[in-house]
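Examination of the molecular architecture
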Amino acid sequence: MSETIYPISSIVKYIKSTLDQNPYLSGILIQGEISNLKKHRSGHWYFTLKDEQARLSCVMFASYALRCKAKVEDGSKVVIKGSISLYEQQGSIQCYVTAIRNDGIGDLYLRFEELKKKLFAEGWFDEQHKKKIPLYASDIGIISAKEGAALQDVLSTIQKHWPIAKLTLYPAYVQGAQASSSIMKALQQADRHHHDCLLLVRGGGSIEDLWGFNNEELVHCIYHLKTPIISGVGHESDTTLVDFVCDVRAATPTGAAQRATADIQEVMQALSAKQQLLSSIMKRRIESCKQQLSNRAQTKYLQDPLSFIKDQQMHLATITTRFERYSDAMQKKQSDLLHKNDLLFQAMRRHLLFYQTQTKLKKNSIEEKVFEFLNQQKQLLNRNIHLLDAYSPLSILKRGYTLVENEQHLIKNAEDLQAGAQISIRFHDGKWRACLLEKEENHG
């Protein structure tokens, strides 16, 4: 009995033909979430369409991608239209997509946006809290997977740009359930060693692969670090929460290494330029000092030092003569001042005696006038007293007259009184009260 043996290519072609001829697999609509999207420079799009139970590799060629109006990115929930076929070179089933429309946001992406919004509101991403990266970092801590390609990119970039830097690796899981706690442990260990700065790096991947960098506790841990930190997680289109809380975000691990270090070639060129500038300045300064020294060497005092002493002696003699002249002048002025002081004292004494005499004369004159005025006023007062005394009712009463009063007023007429009325009679030396008996007629 003979056996039929088929080559792999025949089997693969048969399977592909079977799939291509199946009408149920052509032009079908499939719902799922975009993951691990890669937009090739040729214009083709490669991605995985997934749900909770399965994944399907997809390709959308440039001619269709250019006409696509939907927002396509990792986490997008979409409905695709395409045909299921077999990619012969790899023997894998994939969907050849002709159209995409949005169908909501994926669960992970939605969780990412909600957590980002919450942390933004709480101030964990505040720009004022971010620390400045040193210009010439010489001690750098690296937090990354020990065997990852991102680490090799960082090491080669730093070796090329800034080979004098001291590098310390703090290995950590960068994918999976343990990633967040492993990264936090590595960061805290690195922060205790007081490096100039830290690099947190990982290569690109889907939103699921990078989910460990979207942990809220990891964001809090990075916020409280004392060491400046640069993130370089994923590719340029990848964004995680650690990118917002780190002091600087680089698009790639290589970009993070470049941001953390200076270019040694540029630094050497700058140092060379400064060296030339300093050398030029020093040469000009030396030439200037030489010229000054040459000029001073031509001076009289350097050629004949004793002439300096002679000049100073002559100057001292001149000053001494001038001082003696000033001393004589001062003594003369002092004598003149003493003489003028005596004259002034005598003049003041004469003026004092004169004014004392005048004051005494005026005092006597004033006293005489006051005495005379007082006598005149006393005489006038006596005349007024005699005049008042003459007109005083008491004087009239002394001559025998009396005043009659009732309780209300002075009685001037007899008609103002009636029999039985009570009256007061005032004499010059006292009063009497009386009661009227009857009225006598005046027979004149």
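Before reading further, recall that the structure is shown in the block above.
Reading the values: rules and limits
Residues numbered from 1 in each chain as written. Predicted model: local features only at pLDDT ≥ 70, side-chain atom pairs only at ≥ 80, totals over all residues. Heavy atoms only, no water. Helix = DSSP H or I, 4+ residues; strand = E, 2+ residues; numbered from the N terminus. Core = buried A, V, L, I, M, F, W, Y, C linked by side-chain atoms within 4.5 Å. Buried < 20%, exposed > 50% of the residue type's maximum accessible area, 1.4 Å probe, protein only. Contact = heavy atoms within 4.5 Å. Expected span 1.5 Å × (residues − 1). Polar contact = N/O pair within 3.5 Å; in protein donor to acceptor, adjacent residues only side chain to side chain. Salt bridge = Lys/Arg side-chain N within 4 Å of Asp/Glu carboxyl O. Pairing = 2+ DSSP bridges. Right-handed = clockwise from strand over helix to strand, strands pointing away. Patch = residues over 30% accessible without salt bridge, like charges linked within 9 Å, V, L, I, M, F, W, Y side chains within 5 Å. Areas by Shrake-Rupley, 256 points an atom, 1.4 Å probe, with all protein chains shown as cover.

Comments concerning unusual backbone geometry
- In this structure, Asn 36 takes a positive phi of about 55 degrees despite not being glycine.
- The residue Asn 36 is located in strand 1 (residues 28–39) in this model.
- One non-glycine residue, His 194, lies in positive phi territory at about 55 degrees.
- Relative to the helices and strands, His 194 is located in the loop between helix 5 (179–191) and strand 8 (197–202).

Quick word on the nonpolar core
- Within the largest apolar cluster, 30 residues are counted, with the highest numbers of intra-cluster contacts made by Ile 143, Ile 183, Leu 187, Leu 200, Ile 222 and Ile 229.
- Of all the secondary-structure elements, those providing two or more residues to this core are helix 3 (107–122), helix 5, strand 8, helix 6 (216–223), strand 9 (229–233) and helix 7 (241–245).
- The element best represented in this core is helix 5, accounting for five residues.
- Contacts of Ile 229, omitting those with residues within four sequence positions, involve Ile 133, Leu 187, Leu 198, Leu 200, Ile 222, Cys 246, Asp 247 and Val 248.

Brief notes about helix 9 (residues 264–297)
- The terminal C-alpha atoms of helix 9 lie 48 Å apart, and with 34 residues this matches the ideal 50 Å at 1.5 Å per residue to within 8%.
- Capping of helix 9 at its N-terminal end is provided by Asp 263; its side-chain oxygen lies 3.0 Å from the backbone amide nitrogen of Gln 265.

Thoughts on the pattern of salt bridges
- Using the criterion set out here, one finds 10 salt bridges in the structure.
- Note that Asp 243 is salt-bridged to Arg 249, the shortest N-O span being 3.7 Å.
- For Asp 243, a relative accessible area of 7% puts it in the buried group.
- On the basis of relative accessible area, Arg 249 is assigned to the partly exposed category, the value being 35%.
- A salt bridge links Glu 405 to Lys 431; the nearest nitrogen and oxygen atoms lie 3.7 Å apart. Here Glu 405, found in strand 11 (residues 403–405), pairs with Lys 431, found in strand 13 (residues 430–435); they are 26 residues apart in sequence, far enough to count as distant.

Some points on the pairing of strand 7 (residues 166–171)
- Relative to strand 7, strand 6 (residues 139–144) is paired through six bridges, and the arrangement is parallel. When the sheet's bridge partners are listed, Ile 142 is paired in strand 7 with Leu 169.
- Chirality of the crossover, the property in question, places the unit of strand 6, helix 4 (residues 149–161) and strand 7 among those that are right-handed.

With respect to a nonpolar patch on the surface
- Where nonpolar side chains cluster on the molecular surface, the patch consists of Tyr 6, Ile 11, Tyr 14 and Ile 15 and spans about 460 Å² of accessible area.
- Relative to the helices and strands, Ile 15 is located in helix 1 (residues 8–21).

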